[in-house]
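Listed below are the residues making up each chain.
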Amino acid sequence: MPPQPYVTALESRNNTWHQKLLGGCCFGIFVATWISSILSPFILLLAVMYKYWTLAAFVVSITIAAYLPWRKGFLAKSIHAFLSHYAPMYFRSCTIIFEGKVPKSDGDPQTFYAIHPHGAFCIGWALLFIHDAMQHVRFCFAPALYVSPFFRLFSRCVGNPGSAAKFAMISYMKEKSSLALPPGGFEEATLTSLENDRVFIKRRTGFIRLCLKFGIQVRPVYVFGEKSCYWNIQGKFSQRLALNRYGLPTILTWGHPLLPLVPKEGVDMRIVVGAPLVLPMIENPTQQDVKVWHDKYMVALAKLFNDHKEQAYGPEKAKVAKLEFW
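Let me begin by describing the structure that accompanies this report. (Residues numbered from 1 in each chain as written. Predicted model: local features only at pLDDT ≥ 70, side-chain atom pairs only at ≥ 80, totals over all residues. Heavy atoms only, no water.)

**A short note on the overall build of the protein**
Here comes step 1: A count of helices and strands for the protein gives twelve helices and twelve strands.
Here comes step 2: For the protein, the spread of C-alpha atoms along the three principal axes comes to 60 × 50 × 45 Å.
Here comes step 3: Buried positions account for 52% of the 326 residues belonging to the protein.
Here comes step 4: Once the 35 positive and 20 negative side-chain charges of the protein are each reduced to a mean point, those two points are 6 Å apart. (Helix = DSSP H or I, 4+ residues; strand = E, 2+ residues; numbered from the N terminus. Buried < 20%, exposed > 50% of the residue type's maximum accessible area, 1.4 Å probe, protein only. Lys, Arg positive; Asp, Glu negative; His and termini not counted. Charge placed at Lys NZ, Arg CZ, Asp CG, Glu CD.)

Shown next as structure tokens:
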């Protein structure tokens, strides 16, 4: 049984077909914006080359809006309200649980939320990103995606985005911001499997080093159901993981049978935010300091998985479910 107390911050199930349809639209927009944003420089180049001036003006306008300073108004708040309401309804069930208490913007200690697994398109990360209780948390993602205009503008409308570049994260930590990040990165995406729960964490110590330097507590997060959202090609992991080190994604995925970029719908999503691992402040942590606390983090992550796997998978599947550490 999971440790007590824990708080259910969201529970969505038994939704109607039109609610599921609108939820699917949310994820279609999310993934399409992700992909088109990466392609935006090529879209602008082709628009100029072939004199599609309307398209070129649209891309430039989006870019300006993405980088100008502005506060969320009616439109941005409406987009966030739509996504936060309907996105969880897409799945067979969607639950968000906090061990301890739901975080608050005022009075809570600075926290680093380490989200696993990455999955093909970070669906669990996205569900937390749009959740009302996490709006004060800066959700960090790949620097190349953060600077690309479409996704930058979209993410500014629906949450509190940030770059996962080291210098940026140090800046956020100095500002006393709480952060969320999938530390497994592209490597964890590569390892995504319908059959196995896998995390890429053994060599990911950088976030622990930074949290020690600034004395920030770490909350492990595990997204049960992330692995089931997309089929992903398996095998050749050594070669694919090697390419990941150069910032190259090496996934080949398929979600919904008819709309492959949209996740599978018959999935039970259960997002569990673990109790905080309180780290000391060590201005210049040694390799041994980092190793000690990184080991403690992996123990906490394994415990979180084992404590909640029966509620997520049922008693029979839970007996054989194991978390693989890569």
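**Quick notes on the packing of helix α1 (residues 17–49) against helix α2 (residues 53–67)**
Here comes step 1: With their axes 8 Å apart at the nearest point, α1 and α2 run at an angle of 145° to one another. Note that α1 runs across α2; the crossing there is left-handed. Contacts between α1 and α2 involve Ser40, Ile43, Leu44, Ala47 and Val48 from the first element and Trp53, Leu55, Ala56, Val59 and Val60 from the second.
Here comes step 2: Residue composition of the contact of α1 with α2, by class: nine nonpolar, one polar and no charged. (Axes fitted to C-alpha atoms, helices over the stretch in contact; angles between N-to-C directions. Left-handed = near helix turned anticlockwise from the far one by under 90°. Contact = heavy atoms within 4.5 Å. Nonpolar A, V, L, I, M, F, W, Y, C, P; charged D, E, K, R; others polar.)

**Structural notes on empty space enclosed by the protein**
Here comes step 1: Counting across every chain of the model gives two cavities of 30 Å³ or more.
Here comes step 2: Forming the boundary of the largest cavity are Cys26, Phe27, Phe30, Leu83, Ala87, Trp125, Ala126, Phe129, Ile130, Phe151, Phe154 and Val158.
Here comes step 3: The set of elements that each furnish at least two residues to the lining of the largest cavity consists of α1, α4 (123–129) and α6 (149–158).
Here comes step 4: Its residues assigned to classes, the lining of the largest cavity shows twelve nonpolar, no polar and no charged.
Here comes step 5: In this structure, the second largest cavity occupies an estimated 50 Å³ of space.
Here comes step 6: Lining the second largest cavity, in full, are Pro117, Gly119, Glu188, Thr192, Ser193, Asn196, Asp197, Arg198, Glu226 and Lys227.
Here comes step 7: When the residues that make up the lining of the second largest cavity are grouped by side-chain class, the tally is one nonpolar, four polar and five charged. (1 Å grid on protein atoms, 1.4 Å probe; cavity = no way out; pocket = protein on both sides within 12 Å on 5 of 7 lines; lining within 4 Å. Points joined across faces, edges and corners; volume = space filled by probe spheres on them.)

**Notes on the sheet that holds strand β8 (residues 217–224)**
Here comes step 1: Sheet architecture is open: eight strands sit in the order β1-β2-β11-β8-β3-β6-β4-β5, paired in mixed fashion. If you trace the sheet from one side to the other, it starts and ends with β1 (6–13) and β5 (161–163), each paired once. Recorded for the sheet is a direction-independent mean angle of 20° between the axes of neighbouring strands.
Here comes step 2: Direction of pairing for strand β3 (residues 111–116) relative to β8: parallel, over a ladder of six bridges. Within β8, the residue paired with His116 across the bridge is Tyr222. (Pairing = 2+ DSSP bridges.)

**Describing helix α10 (residues 237–244)**
Here comes step 1: Considered for burial, the residues of α10 that qualify are Phe237, Arg240, Leu241 and Asn244. Down the axis of α10, the sector holding all buried residues measures 100°, keeping them to one side.
Here comes step 2: Looking at the buried positions of α10, the neighbouring elements they touch are α8 (185–190), β7 (197–199) and β9 (231–232). (Arc of directions from axis to C-beta.)

**What about the pattern of salt bridges?**
Here comes step 1: Applying the stated criterion across every chain yields a total of nine salt bridges.
Here comes step 2: Among the salt bridges present, the one from Arg13 reaches Glu11, with a minimum N-O distance of 3.1 Å.
Here comes step 3: The exposure class assigned to Glu11 is exposed, which follows from its relative accessible area of 51%. (Salt bridge = Lys/Arg side-chain N within 4 Å of Asp/Glu carboxyl O.)

**Regarding the packing of aromatic side chains**
Here comes step 1: Here the structure, examined in full by the defined rule, presents 24 aromatic pairs.
Here comes step 2: A centroid spacing of 5.3 Å and a plane angle of 85° characterise the contact between Phe207 and Tyr297, whose relative ring orientation is edge-to-face. A residue pair is termed long-range when its members are at least 10 positions apart, and Phe207 in helix α9 (residues 206–214) and Tyr297 in helix α11 (residues 287–313) qualify at 90 residues.
Here comes step 3: With relative accessibility at 0%, the residue Tyr297 sits in the buried group.
Here comes step 4: Feature note: the residues Phe30, Trp34, Phe121, Trp125, Phe129, Phe139, Phe141, Tyr146, Phe151, Phe154 and Tyr230 constitute an aromatic cluster, connected by ring pairs.
Here comes step 5: Note that Arg138 overlies the ring of Tyr172, its terminal NZ or CZ placed 4.3 Å from the centroid. (Phe/Tyr/Trp six-rings, centres within 6.5 Å; stacked < 30°, edge-to-face > 60°. Lys NZ or Arg CZ within 6 Å of the ring centre and 35° of its normal.)

**Considering the side chain of Glu226**
Here comes step 1: Looking at the secondary structure, you find Glu226 in the loop between β8 and β9.
Here comes step 2: No salt bridge is formed by the buried Glu226; the nearest opposite charge belongs to Lys227, separated by 12 Å.
Here comes step 3: Beyond its immediate stretch of four places on either side in the chain, Glu226 contacts Pro117, His118, Gly119, Cys122, Ile123, Gly124, Trp125 and Met269.

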